Amino acid sequence: MILVIGGGPAGMMAAAKASETAEVTLIEKNEKLGKKLFITGKGRCNLCNDCDDPFFFECLNRNASFMYSSYYSLTGAMLKDFFESRGTPLKVERGDRVFPKSDKSSDIIKTLEKELRKNKVDIRLNTTVKAIRYADEGYDLVTDKGTIHGDRVIVATGGMTYRLTGSTGDGYQWAKDFGMGVVKPVAGLVGLRLKENYLEMLSGLSLKNVELTAKTEAGTFTDFGEMLFTHFGVSGPIVLSISSKINRVKDVDLCLDLKPALDDEVLDKRLLREINENPNRAIHTMMKHLLPKSLIEPVLDEAQVPKDLPCHQLTAEMRRALVHTLKNFPLHYLGLFNENTGIITTGGVDVKDVDPSTMESRRAKDVYFCGEVLDVDGPTGGFNLQIAFSTGYLAGMCAGEEEANEDHSH
C-alpha cells in the first residue's frame, strides 16, 4: 500500500500514477481535493507553459538541474496530452500559458479525480496527518481519525502560503524529523511593500509595458510587462516574478522605467515636441500625454519640477531631470507583503536530500517528496504547476514500481 499525503496537483498526480501498479490511499485534510488548484490562475488554472523544454529550465529560480529527470518523465507536451486525451480540451494564450478551454480550474480537478476513481484510489478527505512513524516494514501515519499503515509514503503537502487552503508547512517538519535539510521557506510570487507616501493616491493604478529593475548584492533583476499599485506597495506580474528573486535579501534598490520603448534621446525629443505644441500650458497638463493622471505629481516631485510651471519656462536641466525620472522612477522597498499572500513558497525540503531520479528521500527509505514542499520554484506562467505535476508523476511512478516489484518477489 502506498500512502499519499496531500490532494493538491502533486499529490493527485502521484496517486494517479502510483495506482496504475499499486494500491493507493490518498489523504487530504480539506473537505475536497485540489483546493488551492481551484483558485490558481484566478480560477482558470494555468496548468503549464507551452515553451520549449530547454526554456523551462532557464526560467526556474532555484535548483533547475534537480528537475531534469522529473520534467522529462512528464514534459509540458506530455502533461497537455494527459488532459486532452482524457477529454479536457486546452488552449494556449499569450506568454505560452496553457489553460483549459472552459477557463474552469474545476475541469482540471475533475479529470484528475476521474483518474483516481478509475484506478480505485481510496480517497480520505477531512483527515489530518499528525505524524509519520517507522513501523514493521513500512510506515504508520498517525491521523486525527486513527492510524493508517503503508509500505511507502509520498509527501505532497505543499508550501506554507495561502493557509486557508491547508498549506501549513507540515511536510517541512516531517522532513526534519527524518534528518533532511529544509531551506528556510519564504513567500514567493508576492507583492512588495513600499515606503512611498503617495501610494493611497495611486492605489488601483495599473501600468502596462513598464520595466521594473531590482538591484541587490545578489545581482540585478529586470522584468517587463504589467504592474499594479496597491495601498501598501506594488503587485502584478512583473512584481511577482521579481519578488521570488529578491525575497531573501534585505537591501533592494527598485526603479521603474515608465517609457522602456524610448531611449533618453527619443524621449527628450518627444518632450520638446509636447512643450513646443503647448508652450503656455502648465507642465502638469502637458504631462497627461505621457503618463496616467495620478502618476504625474509623484514624477514631477521626484524630478523637482514645479507642476504649475508653464512649459516654455522648462530649462534644459529640468528637462534632463524629467527624462531621467521617467526612465528611472525610484520605489523605496520596505519588504514583502504578508507571507500568506504569496502565490507560492520558495525554499523548502533541501533537494540535496532527495534523489532527483526517483524523488525518494536520501534519509528515509520508501519516503518520497514532491511538489511545492521541495526547494524548487519558477515564475508565473504555469511553471510552478508543471513542477508539481512532474515531480508528483515521477514520485508516483517510482513508488508504484517499487511496490509492484516487491509484490512479485513475495
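Structure first, text after, so check above.
Residues numbered from 1 in each chain as written. Predicted model: local features only at pLDDT ≥ 70, side-chain atom pairs only at ≥ 80, totals over all residues. Heavy atoms only, no water.

A. Quick look at the packing of aromatic side chains. Within the structure shown, the criterion is met by 14 aromatic pairs. Between Phe 56 and Tyr 71, the ring centres sit 4.3 Å apart and the planes meet at 15°, which makes this aromatic pair stacked. Of this pair, Phe 56 sits in helix H3 (residues 53–59) while Tyr 71 is found in helix H4 (residues 68–73), placing the two residues 15 residues apart along the sequence. Side by side, Phe 56 and Tyr 71 carry an identical accessibility label, which is buried. Between Phe 57 and Tyr 72, the aromatic rings sit 5.7 Å apart at their centres with planes inclined by 35°, giving tilted as the arrangement. Of this pair, Phe 57 sits in helix H3 while Tyr 72 sits in helix H4, and the two are 15 residues apart along the sequence. An aromatic cluster is built from Phe 56, Phe 57, Tyr 68, Tyr 71, Tyr 72 and Phe 383, whose rings are joined through pairwise contacts. Just above the ring of Phe 99 sits the side chain of Arg 44; from NZ or CZ to the centre is 3.9 Å. (Phe/Tyr/Trp six-rings, centres within 6.5 Å; stacked < 30°, edge-to-face > 60°. Helix = DSSP H or I, 4+ residues; strand = E, 2+ residues; numbered from the N terminus. Buried < 20%, exposed > 50% of the residue type's maximum accessible area, 1.4 Å probe, protein only. Lys NZ or Arg CZ within 6 Å of the ring centre and 35° of its normal.)

B. Fine view of helix H7 (residues 170–177). Turning to H7, its buried residues number three or more, namely Gly 171, Tyr 172, Trp 174 and Ala 175. Mapping the buried residues of H7 onto a view down its axis gives an arc of 165°, with all of them on the same face. Summarising the contacts, the buried residues of H7 are in contact with strand E1 (2–5), strand E7 (129–135), strand E10 (152–155), strand E11 (182–188), strand E18 (344–349) and strand E19 (367–369). (Arc of directions from axis to C-beta. Contact = heavy atoms within 4.5 Å.)

C. Spotlight on the layout of surface pockets. In this structure, the second largest pocket encloses a volume near 290 Å³. In this structure, the second largest pocket is lined by 15 residues; those nearest its centre are Val 186, Asn 247, Arg 248, Lys 250 and Leu 336. Of all the elements in the fold, those that place two or more residues in the lining of the second largest pocket are E11 and strand E17 (329–336). (1 Å grid on protein atoms, 1.4 Å probe; cavity = no way out; pocket = protein on both sides within 12 Å on 5 of 7 lines; lining within 4 Å. Points joined across faces, edges and corners; volume = space filled by probe spheres on them.)

D. Empty space enclosed by the protein, seen in detail. Under the criterion given, the structure shown has one cavity of 30 Å³ or more. Roughly 40 Å³ of volume is contained in the largest cavity. Lining the largest cavity are Asn 49, Cys 51, Phe 56, Tyr 71, Gly 382, Phe 383 and Gln 386. Class assignment for the residues of the lining of the largest cavity results in four nonpolar, three polar and no charged. (Nonpolar A, V, L, I, M, F, W, Y, C, P; charged D, E, K, R; others polar.)

E. Layout of the packing of helix H12 (residues 293–303) against helix H13 (residues 316–327). Contact pair H12 / H13: the axes reach a minimum separation of 9 Å and the direction vectors enclose 125°. By the angle between their axes, H12 is oblique relative to H13. Viewed along their axes, H12 and H13 form a crossing whose handedness is right-handed. Of the residues in H13, those in contact with Val 299, Leu 300, Glu 302 and Ala 303 of H12 are Ala 321, Leu 322, Thr 325 and Leu 326. (Axes fitted to C-alpha atoms, helices over the stretch in contact; angles between N-to-C directions. Parallel < 35°, antiparallel > 145°, perpendicular 65-115°, else oblique. Left-handed = near helix turned anticlockwise from the far one by under 90°.)

F. Highlighting the pattern of salt bridges. Using the criterion set out here, one finds 25 salt bridges in the structure. Glu 274 is the partner of Arg 270 in a salt bridge, and the nearest nitrogen-oxygen pair spans 3.7 Å. Of this pair, Arg 270 and Glu 274 both sit in helix H10 (residues 264–277), four residues apart, which is roughly one turn of that helix. On the basis of relative accessible area, Glu 274 is assigned to the buried category, the value being 8%. Look at the salt bridges and you will find they share partners, linking Arg 152, Lys 365, Asp 366, Glu 403 and Glu 406 into a network. (Salt bridge = Lys/Arg side-chain N within 4 Å of Asp/Glu carboxyl O.)

G. Focus on the nonpolar core. Grouped together as the largest cluster of nonpolar side chains are 76 residues, with contacts concentrated most on Leu 47 and Phe 369. For this core, the leading source of residues is helix H14 (residues 383–409), giving ten residues. Non-local contacts of Leu 47, meaning those with residues more than four positions away in its chain, are made with Leu 79, Phe 83, Leu 90, Val 98, Phe 99, Pro 100, Ile 108, Gly 382, Leu 385, Gln 386 and Phe 389. The next biggest cluster of nonpolar side chains, apart from the first, holds 51 residues, and it includes Leu 205, Leu 295, Leu 309 and Val 323. (Core = buried A, V, L, I, M, F, W, Y, C linked by side-chain atoms within 4.5 Å.)

H. Representation of unusual backbone geometry within the structure. One non-glycine residue, Asn 209, lies in positive phi territory at about 55°. With respect to the element layout, Asn 209 can be found in strand E13 (residues 206–216).

I. The environment of Arg 320, seen in detail. Along the polypeptide, Arg 320 turns up in helix H13. A relative accessible area of 56% places Arg 320 in the exposed class. On a C-alpha basis, the gap between Arg 320 and Asp 170 in space is 55 Å, while along the polypeptide they are 150 residues apart.

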